[in-house]
Amino acid sequence: MKKRIAVTGATGFIGSHLVRKLVEDGEKVSVIVQDRKKAEVCFFDILDQIEIYMIHDSIIDLANFLESREITDVVHLATKYITQSTTEDIYDLVKGNILFGMQVLEAMKLAKVKRMVYTGSSWQHYRNQVYCPVNIYAATKQAFEDILHYYSDAEQIHIIILEIYDTYGEKDNRKKLIPNWKRICGTQEKMLLSDGEQKLDYVYITDIVEGIKKAMELLKCVPQDQIYQKKYALSSEQVYTLKEIADIFERVYHTKLSIQWGGKEYRTREVMEPYRNLEKLPGWYAKYELKEGFEQMFQKEEENGFRRDRRNKESIGREYL
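Here we summarise the structure given alongside this text. (Residues numbered from 1 in each chain as written. Predicted model: local features only at pLDDT ≥ 70, side-chain atom pairs only at ≥ 80, totals over all residues. Heavy atoms only, no water.)

## Notes on the pattern of salt bridges
Counted by the stated rule, this structure contains 25 salt bridges. Residue Arg115 pairs with Asp73 through a salt bridge whose shortest N-O separation is 2.8 Å. Note that Arg115 is positioned in strand S5 (residues 115-121) and Asp73 in strand S4 (residues 73-76), a separation of 42 residues in sequence. Asp73 carries the same exposure label as Arg115, and that label is buried. With its nearest N and O atoms 3.1 Å apart, the salt bridge here joins Glu145 to Lys231. (Salt bridge = Lys/Arg side-chain N within 4 Å of Asp/Glu carboxyl O. Helix = DSSP H or I, 4+ residues; strand = E, 2+ residues; numbered from the N terminus. Buried < 20%, exposed > 50% of the residue type's maximum accessible area, 1.4 Å probe, protein only.)

## Here we look at the side chain of Asp172
Among the structural elements, Asp172 can be located in the loop between strand S7 (166-168) and helix H6 (177-184). With a relative accessible area of 7%, Asp172 lands in the buried category. A polar contact is formed between the side chain of Asp172 and the side chain of Arg174, at a distance of 2.8 Å. (Polar contact = N/O pair within 3.5 Å; in protein donor to acceptor, adjacent residues only side chain to side chain.)

## Section: the packing of aromatic side chains
Across all of its chains, the model carries 13 aromatic pairs by this definition. On the basis of an interplanar angle of 40° and a centroid distance of 5.4 Å, the ring pair of Tyr168 and Tyr204 is categorised as tilted. Residue Tyr168 is located in strand S7, and its partner Tyr204 is located in strand S10 (residues 202-204); the two are separated by 36 residues in the primary sequence. Comparing Tyr168 with Tyr204 shows no difference in burial state: the two are buried. (Phe/Tyr/Trp six-rings, centres within 6.5 Å; stacked < 30°, edge-to-face > 60°.)

## Description of helix H4 (residues 90-111)
Compared with the 32 Å implied by 1.5 Å per residue over 22 residues, the 30 Å span of H4 between its first and last C-alpha is a close match. Taken together, the buried positions of H4 are Leu93, Gly96, Asn97, Ile98, Phe100, Gly101, Gln103, Val104, Leu105, Ala107, Met108 and Ala111. If you follow the buried residues of H4, they end up packed against strand S1 (5-8), strand S2 (29-33), helix H3 (59-68), S4, S5 and helix H5 (136-155). Backbone geometry just after H4 places Lys112 at a positive phi near 60°. (Expected span 1.5 Å × (residues − 1). Contact = heavy atoms within 4.5 Å.)

## Quick look at the nonpolar core
The biggest cluster of nonpolar side chains holds 63 residues, and the ones touching the most others in it are Val7, Val19, Trp181, Ile212 and Phe294. Among residues more than four places away in sequence, those in contact with Val19 are Val7, Ala10, Val29, Val31, Phe43, Ile46 and Ile50. (Core = buried A, V, L, I, M, F, W, Y, C linked by side-chain atoms within 4.5 Å.)

## Some remarks on the sheet that holds strand S6 (residues 158-164)
Strand order in the open sheet formed by 7 strands is S3-S2-S1-S4-S5-S6-S11, with parallel pairing between adjacent strands. Strands with a single pairing partner mark the edges of an open sheet, and in this sheet they are strand S3 (50-54) and strand S11 (229-234). Strand after strand, the sheet turns through a mean of 20° between neighbouring axes, direction not considered. As defined by bridge partners, S1 adjoins S4 across 4 bridges and the pair is classed as parallel. From the neighbouring strand, Ala6 faces S4, where its bridge partner is Val74. Where H3 meets the sheet, its contacts fall on S1, S2 and S3, and the angle it forms with S3 comes to roughly 165°. Across the sheet, helix H7 (residues 205-220) lies against S1, S4, S5, S6 and S11, angled at about 160° from S6, the strand it touches most. (Pairing = 2+ DSSP bridges. Axes fitted to C-alpha atoms, helices over the stretch in contact; angles between N-to-C directions.)

By themselves these figures say nothing about function.
The following block contains the structure:
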């Protein structure tokens, strides 16, 4: 069976939601992963509807795979995410955010695959500047964008970069703020946070997935003989302080989080306000305001057996599928 869309980072939060939506829409999907077992667990119920390709260091093998499956689009979501890196993290950051992407691009060149959607980070704009990375992670994301520019110009690979802000949704096992809130809600576990005055732009996962799909549609309309690289924002166009977000979460989840505001300092190079000088993706808008997104997330968790027994911390924190 021929596959048409390849997704890297498929077992991550955004990737897993995207793959499931593409399959639901009847698309043929190949997932490019480093851990087959993890992919099999993640997609246990749709394994007969996707193909898993184990990545290794051979660009030729990857190119042969892309060509043999007649891949037309690559959604490159794989990333190494480290907010506060150490010296020991440098190799993994470069390998995950630059080297791996270059291998994919070179394989696309050899296989004559001409369309890629890539996700950047709003953390590339410290102090609200066009480019000023908050950390090494953001710097590697920008470095890869420069490499994308070369492949777009020299090899006519059409590229849309989607700059993503903060994301949330059901089935989120990342070690991030909202999953941690869900883990501790209904318990007495205390969380130390900053003063909470930083402003954030949260976008619900369903809207993120629709944005990626819209970008893929836009790329299909680009003539093959053109050089095309565009960068757009997936923004809700609404910002809330961290304290306001916590208040909305508590009201939707009918809980009171044990947060000690001011219990820790702001992070080094904390972003206090989201970057706002990037064009939004044409034809796309965030359908869910934050309260509505939390309500949708809450409802889906209930439907999938995510118990909110406040007397049982293990049931609150468990993973669910």
